[in-house]
Amino acid sequence: MRTAMAATTLHRATLANRLTPRRFRFRVFSSISDGGVEARRQLVLYSKPGCCLCDGLKEKLNVAFSLAGPHSLHSVDLQVRDITTNPEWEHKYQYEIPVLARVLPDGTEEVLPRLSPRLGVELIQKKISTAFDQ
């Protein structure tokens, strides 16, 4: 009886962990340096709370940033911006979120083509990596 109860409790805890939103790991932007150190590439995700497309993309980005391989995003810093905290962002992106933009060396942003919610993690990783290689 105790074993069955322990198994049920473990199953509920595991299920709760799967259903609980995961915290997205943010990286701090590095400063650009002339000292031979490679400057970090910067990516911005514009989103808002309660947006299921945004949440889905955040989950996929979290996995894509952890993958290694030829299209690794380990040298990319991601910043998630809540458009509801800035009237300019909200006006600009309210009907477009989630929006990904890469930060150019001069500090301006270039909006990347919209990623389909059906894309797999590896393809998202490749598309982002390719956008920085252009």
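Residues numbered from 1 in each chain as written. Predicted model: local features only at pLDDT ≥ 70, side-chain atom pairs only at ≥ 80, totals over all residues. Heavy atoms only, no water.

The name given to the chain in an unreviewed UniProt entry is Glutaredoxin-like protein, with the source organism recorded as Rhynchospora pubera. Per its UniProt entry, the chain bears the Sequence similarities (unreviewed entry) comment "Belongs to the glutaredoxin family." (UniProt positions renumbered as here; feature names shortened; annotations may be inferred.)

A. Up close: the pairing of strand 1 (residues 41-47). When you tally the buried positions in strand 1, you get seven out of seven residues, the bulk of the element. Side chains Arg41, Leu43, Leu45 and Ser47 project from strand 1 onto one buried face, and the interleaved Gln42, Val44 and Tyr46 project onto a second face that is buried too. Looking at chain direction, strand 1 and strand 2 (residues 76-82) are connected through seven bridges and run parallel. Bridge pairing links Gln42 to Asp77 in strand 2. With helix 2 (residues 52-66) bridging strand 1 and its parallel neighbour strand 2, the resulting β-α-β unit is right-handed. Relative to strand 3 (residues 99-103), strand 1 runs antiparallel, the two sharing five bridges. Bridge assignment links Val44 to a residue of strand 3, and that residue is Ala101. (Buried < 20%, exposed > 50% of the residue type's maximum accessible area, 1.4 Å probe, protein only. Helix = DSSP H or I, 4+ residues; strand = E, 2+ residues; numbered from the N terminus. Pairing = 2+ DSSP bridges. Right-handed = clockwise from strand over helix to strand, strands pointing away.)

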